[in-house]
Protein chains: 2
Amino acid sequence: MNAPLSAEQLEAGLRKVGEERYHDKHPFHQLMNAGKLSKGQLQAWALNRFYYQAMIPIKDAAILSRMEHAELRRAWRQRIIDHDGDNADQGGIRRWIALTDGLGLERAYVESLQGVLPATRFAVEAYVHFVRERSLLEAIASSLTEMFSQSTIRERVSSMLARYDFLNVDVLAYFDKRLTQAPRDADFALNYVKREARTVQDQKAAIAALEFKCAVLWSQLDALYYAYVTPAFRPPGAFNPESVA
Amino acid sequence: MNAPLSAEQLEAGLRKVGEERYHDKHPFHQLMNAGKLSKGQLQAWALNRFYYQAMIPIKDAAILSRMEHAELRRAWRQRIIDHDGDNADQGGIRRWIALTDGLGLERAYVESLQGVLPATRFAVEAYVHFVRERSLLEAIASSLTEMFSQSTIRERVSSMLARYDFLNVDVLAYFDKRLTQAPRDADFALNYVKREARTVQDQKAAIAALEFKCAVLWSQLDALYYAYVTPAFRPPGAFNPESVA
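All values derive from a computational prediction rather than experimental measurement. (Residues numbered from 1 in each chain as written. Chains lettered and ligands numbered in written order. Predicted model: local features only at pLDDT ≥ 70, side-chain atom pairs only at ≥ 80, totals over all residues.)

Let's talk about the overall build of chain A
We apply this condition: Helix and strand labels come from DSSP, where a helix needs a run of H or I of at least four residues and a strand needs a run of E of at least two; each type is numbered from the N terminus. Labels follow a simple rule on C-beta atoms placed from the backbone: if 20 or more others lie within 10 Å of a residue's own, it is buried; if 12 or fewer, it is exposed; otherwise it is partly exposed.
Check the secondary structure of chain A and you find 11 helices and 0 strands. N-terminal to C-terminal, the α/β element order of chain A is α-α-α-α-α-α-α-α-α-α-α. For chain A, the C-alpha atoms occupy an extent of roughly 60 × 40 × 35 Å along the three principal directions. Per-residue burial over chain A gives 42% buried out of 245 residues.

Focus: the interface of chain A and chain B
Applicable threshold: What counts as a contact is two residues whose backbone-derived C-beta atoms lie within 7 Å of each other. Residues are sorted three ways: Asp, Glu, Lys and Arg are charged, Ala, Val, Leu, Ile, Met, Phe, Trp, Tyr, Cys and Pro are nonpolar, and all the rest, Gly among them, are polar.
Contacts between the two partners involve 22 residues from chain A and, on the opposite side, 22 residues from chain B. Within the residue set of the side of chain A that touches chain B, elements represented by two or more residues are helix H1 (7-21), helix H7 (118-133) and helix H11 (200-228) of chain A. Taken together, the residues of the side of chain A that touches chain B break down into 15 nonpolar, 3 polar and 4 charged.

With respect to the relation of the copies chain A and chain B
Stated formally: To line up the copies, we fit them by least squares on C-alpha atoms, keeping just the residues with pLDDT of at least 70 in both.
Placing chain A over chain B gives an RMSD of 0.0 Å and needs a rotation angle of 180°, together with 0.0 Å of translation along the axis. Both chain copies can therefore be described as sitting about a two-fold axis. When the interface residues of chain A are mapped onto chain B, 100% of them are again interface residues, pointing to one common binding face.

Observations concerning the nonpolar core
Burial of nonpolar side chains together is a common tendency in soluble globular proteins. Note the threshold: Under the definition applied here, buried Ala, Val, Leu, Ile, Met, Phe, Trp, Tyr and Cys residues are grouped into a nonpolar core through C-beta atoms within 7 Å.
In terms of nonpolar packing, the biggest core is built from 132 residues, with Val193(A), Leu210(A), Leu224(A), Val193(B), Leu210(B) and Leu224(B) touching the most fellow members. If sequence neighbours within four positions are ignored, Leu210(A) has contacts with Leu14(A), Val17(A), Ala141(A), Ser142(A) and Leu144(A).

Here's the deal with unusual backbone geometry
All names here are of chain A. Each neighbour pair has its own omega, and for Thr230 with Pro231 the value is 0°, a cis peptide bond. Relative to the helices and strands, Pro231 resides in the segment after H11. Phi angles above zero are rare outside glycine, and Leu113 is one such case at about 65°. Along the polypeptide, Leu113 turns up in the loop between helix H6 (107-112) and H7. Residue Leu113 is classed as partly exposed on the basis of its 14 C-beta neighbours within 10 Å.

Topic: helix H11 (residues 200-228) of chain B
Definition in use: Given a helix with a known number of residues, its expected span is that number minus one, times 1.5 Å.
Over its 29 residues, H11(B) extends 42 Å from the first C-alpha to the last, a length consistent with the 42 Å expected when each residue adds 1.5 Å. Counting buried residues in H11(B) gives 22 out of 29 residues, a clear majority hidden from the surface.

Some remarks on the environment of Ala119(B)
With respect to the secondary-structure elements, Ala119(B) resides in helix H7 (residues 118-133). Between the alpha carbons of Ala119(B) and Leu224(B) there is a distance of 9.0 Å; along the sequence they are 105 residues apart. Leave out the neighbours within four places in its chain, and Ala119(B) touches Ala119(A), Ser219(A), Asp222(A), Ala223(A), Ser219(B) and Ala223(B).

Quick look at the environment of His129(A)
Along the chain, His129(A) falls in helix H7. Residues His129(A) and Ala44(A) lie 85 residues apart in sequence; the distance between their C-alpha atoms is 25 Å. In contact with His129(A), not counting residues within four places along its chain, are Glu125(B) and His129(B).

A short note on the packing of helix H3 (residues 39-64) of chain A against H7(A)
Residue and element names in this part refer to chain A. Quick reminder of the rule: Helix axes use the C-alpha atoms of the stretch in contact, all axes being lines fitted to C-alpha atoms, and the angles between their N-to-C directions lie in the range 0 to 180 degrees. Oblique is the label for every angle not falling under 35 degrees (roughly parallel), over 145 degrees (roughly antiparallel), or within 65 to 115 degrees (roughly perpendicular).
For the pair H3 and H7, the least separation of the axes is 9 Å and the interaxial angle reads 10°. In terms of orientation, H3 and H7 fall into the roughly parallel class. Facing H3, whose interface residues are Asn48, Tyr51, Tyr52, Met55, Ile58, Lys59, Ala62 and Ile63, H7 presents Thr120, Arg121, Val124, Tyr127, Val128, Val131 and Arg132. Along the lines of polarity and charge, the residues of the contact of H3 with H7 split into 10 nonpolar, 2 polar and 3 charged.

Focus: the packing of H7(B) against H11(B)
Residue and element names in this part refer to chain B. Where H7 meets H11, the axes come as close as 8 Å, and the angle between the chain directions of the two elements is 170°. Between H7 and H11, the crossing angle belongs to the class labelled roughly antiparallel. Contacts from Ala119, Thr120, Ala123, Ala126, Tyr127 and Phe130 of H7 reach H11 at Phe212, Lys213, Val216, Ser219, Gln220 and Ala223. Looking at side-chain class alone, the contact of H7 with H11 contains 8 nonpolar, 3 polar and 1 charged residues.

Considerations on the confidence of the model for chain A
In plain terms, the rule: pLDDT expresses how confident the predictor is about each individual residue, on a scale running from 0 to 100.
For chain A, per-residue confidence averages 94 on the pLDDT scale, and residues scoring 70 or more make up 98% of the total. Interface scoring of the predicted complex returns ipTM 0.72; its pTM is 0.84.

A few points about the environment of Arg198(A)
Residue and element names in this part refer to chain A. Topologically, Arg198 is positioned in the loop between helix H10 (173-196) and H11. Under the C-beta neighbour-count criterion, Arg198 is labelled partly exposed, with 14 such atoms within 10 Å. Put simply, Arg198 and Leu5 are 193 residues apart on the chain and 7.6 Å apart in space, counted from C-alpha to C-alpha.

As structure tokens, this is what we get:
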């Protein structure tokens, strides 16, 4: 029987998960950052990722509904406010729509979720079910992919602006905002996990929760690569880039 | 506002879903039936599909728990009995293990579910959540892929026996049994759906449920094709055929 990790060792263990499994290492993201995706492939990515974005407040509300302490709730509710905004013209989901607009996708089609890959749906729904069904510690730990997102976003925005002339700063406003939101959210969640995961069992569960979340993100890119890069087999009903002007 | 379909029209609508979306049309199955998959690729298929098999009784128990009439329950419980058997040496899950045994996979590794693709987990779990959360009609309609399995299984068994010399009748016993079980189960479920889905809304929901289930099966093959055929990118932690003797 091992002794529990120190808080610093636990943080190192969590960071190691990111080094090995965060989706910045995925071939689809590598193509994106190298400017090698076609507009149609970027459309497919933005369209599918919209579903993930649209479910994030639902995921966070599920976590919020399980928090017994108002102090925790007050911090966590900000995620929902950030994502939903104060009206229909604001918030992270709206900023994602600016991206799909900029890519020439019809807004009603994006919001209808028609054309989203089944594998995207299943992965996103697995995430929502995970935070409903697992411990609060695991639910919070699963959010820690935000620890790894900053450098990815920075690299993505600068390379996308440089390489895709149909994109501009306004279209990519979502990512800009996340550069300040994500570290604040990640710090809060990391401090919670370091404070609350003190047994070997809880520490293993926290690390496994972060591995699970990396798989949720990674498998969405697997599905995109499969359907839109190689072998480029689109499942029945999936978005067809050629059908868009 | 359209009028509801007749029972025969509804059946035709359900069969059309199978013609368009059942996974016998998937390139991975086409490679399998043409004898063009390597042993390692068949191993990956059997290993991932084991998770689906292992969750089927859980899925059926969730449906059973929602049936208010003993008459329905008596018919449905047979699925669980068939799949779990009367002891550890019987039942559909055990027959699937005969297949993974025959393919040279270590039983403890298969049953540990380590190595299963995340996309397999998410698709299978989406199925379990679907039958828990949707109406009983939709839950039952989602089982109707069994209407389409017979000819697929017949083709698969004969072509696998002819082309893969490491397979034999005992190893493929799972499929043999399904040739009698699946039509019985499918007839019962189809009659239920034809009898109970009488409004336009319920008929649409039944058809959508069957489309959903086709996507559950199809996306599992998408993930296998992606990870083990082309581009053959294995997600972190996934089964590595080269690591097996």
